[in-house]
Protein chains: 2
Amino acid sequence: MSCLAEHGWAGSTVSVVAERAGVSRGAAQHHFRTREELFTAAVEYVAEERSAALRGLFPDAGGGVAGADRTAVVAALVDLYTGPLFRAALQLWVAASNEEQLSPRVAELEARVGRETHRIAVELLGADESGSGVRETVQGLLDMARGLGLANLLTDDAVRRKRVVAQWGRLVDEALG
Amino acid sequence: MSCLAEHGWAGSTVSVVAERAGVSRGAAQHHFRTREELFTAAVEYVAEERSAALRGLFPDAGGGVAGADRTAVVAALVDLYTGPLFRAALQLWVAASNEEQLSPRVAELEARVGRETHRIAVELLGADESGSGVRETVQGLLDMARGLGLANLLTDDAVRRKRVVAQWGRLVDEALG
């Protein structure tokens, strides 16, 4: 994952990863036949770890945390997209947009991870998706989180992001009632 | 721009662009000394064209369009991030995150284009930034627009996007009063 985040798809070969991990190229290839397999598996694994960690932050959130804590949930969701996982996933997405071999695999991975994140967001926010517009409120919030991740790619955007998260935490809380 | 969007940074050399544009490599290099200059100039040029086109869509918007049209403004802002300009800019951003030579130039370009887009958004939405949270409401909206652009990279996300835009149009309209 560090390899992908730091050197991009073009600079991340199985050999480079194997060397960094202190295993032989053959050992790496025994587990992952292709570079595509290796990196999509890595992104999926870390995404699952992050999802579990997110749920762990709000252990009492069955049916949603109290309204006052929704801003904390929004902040934690945004945090998913500002760390090394997002940087690595972004490298993979952008490479996939130019490589036919990679594209369907990454699109499928993105859809799977996106659905799981949406599920967690709905649960932690205590959002009732039977209400009109609720699903789209949560989806837009996760799109905003991805956009904030992008804004953090080249510069440290933490100060601005904190203010945006505070404001949209309030707006989402109001919208969800 | 098409070159960057289709082949990424690694596949976009000055030679490739010159051939596609039907000029000699020397002619291209006469105008742009380096690949970095060529592509940041291209992204900036197209971003300016898109900004002008956006203002042109709402010619009577001095001080903001009527409240009922804010959803149309939100939709037009989101459109900025779902076309070939965003695809090309994204390639440049991601390449810059791995290339020290490119990074400061692209960060500076991104900041400049981001400020201009924010100015247009405030103007077209008739947002009064002296109000508490108004600035962050508009910023979060533009972050969401970037996230929607990202979601459209590998798959056609138009149907979902339309629903998210309708809902966030309502939320932004209410928040701005």
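Residues numbered from 1 in each chain as written. Chains lettered and ligands numbered in written order. Predicted model: local features only at pLDDT ≥ 70, side-chain atom pairs only at ≥ 80, totals over all residues. Heavy atoms only, no water.

Enquirer: Outline the overall build of chain A, listing residues and values.
Expert: The helix and strand tally for chain A stands at 9 helices and 0 strands. Starting at the N terminus, the α and β elements of chain A follow one another as α-α-α-α-α-α-α-α-α. Within chain A, counting contacts between residues at least 6 apart in sequence, those at least 24 apart form 65% of the total. Here chain A displays about 8,100 Å² of accessible surface, and carbon together with sulfur accounts for 52% of that area. The distance from the centre of the 19 positive side-chain charges to the centre of the 24 negative ones in chain A is 3 Å. (Helix = DSSP H or I, 4+ residues; strand = E, 2+ residues; numbered from the N terminus. Contact = heavy atoms within 4.5 Å. Areas by Shrake-Rupley, 256 points an atom, 1.4 Å probe, with all protein chains shown as cover. Lys, Arg positive; Asp, Glu negative; His and termini not counted. Charge placed at Lys NZ, Arg CZ, Asp CG, Glu CD.)

Enquirer: Break down the relation of the copies chain B and chain A for me, with residues and values.
Expert: Between chain B and chain A, the superposition needs a rotation of 180° and an axial shift of 0.0 Å, giving an RMSD of 0.0 Å. A rotation of that kind, with that shift, is consistent with a two-fold axis. Both copies share a contact surface, since 98% of the interface residues of chain B are interface residues in chain A too. (Least-squares fit on C-alpha atoms with pLDDT ≥ 70 in both.)

Enquirer: Explain the pattern of salt bridges to me, using residue names and the numbers behind them.
Expert: All names here are of chain A. Tallied over the full model, the rule gives 26 salt bridges over all chains. Between E6 and R20 there is a salt bridge, with the nearest N and O atoms lying 3.3 Å from each other. Here the residue E6 occupies a position in helix α1 (residues 2-7), and R20 occupies one in helix α2 (residues 14-21), the gap between them amounting to 14 residues. With a shortest N-O distance of 3.1 Å, R146 and D143 are connected by a salt bridge. One end of the pair, R146, and the other, D143, are both in helix α8 (residues 134-151), 3 residues apart, so they sit about a helical turn from each other. With respect to class, R146 is no different from D143; both count as buried. Residues joined by salt bridges that share partners form a network here, namely R55, E116, R119 and E123. (Salt bridge = Lys/Arg side-chain N within 4 Å of Asp/Glu carboxyl O. Buried < 20%, exposed > 50% of the residue type's maximum accessible area, 1.4 Å probe, protein only.)

Enquirer: How would you summarise the packing of aromatic side chains if you had to cite specific residues and measurements?
Expert: Under the definition given, this model contains 7 aromatic pairs over all chains. Seen in terms of ring centroids, W168 of chain A and W168 of chain B are 4.1 Å apart; in terms of plane orientation they differ by 15°. Their pairing is stacked. One end of the pair, W168 of chain A, is in helix α9 (residues 158-176); the other, W168 of chain B, is in helix α9 (residues 158-176), on a second chain. Accessibility assignment for this pair places W168 of chain A and W168 of chain B in one class, buried. An aromatic cluster of three or more residues is present, and its members are Y81, F86 and W93 of chain A. The cationic tip of R35 of chain A hangs over the ring face of W9 of chain A; the distance from NZ or CZ to the ring centre is 3.9 Å. (Phe/Tyr/Trp six-rings, centres within 6.5 Å; stacked < 30°, edge-to-face > 60°. Lys NZ or Arg CZ within 6 Å of the ring centre and 35° of its normal.)

Any functional reading would require information that these geometric values do not contain.
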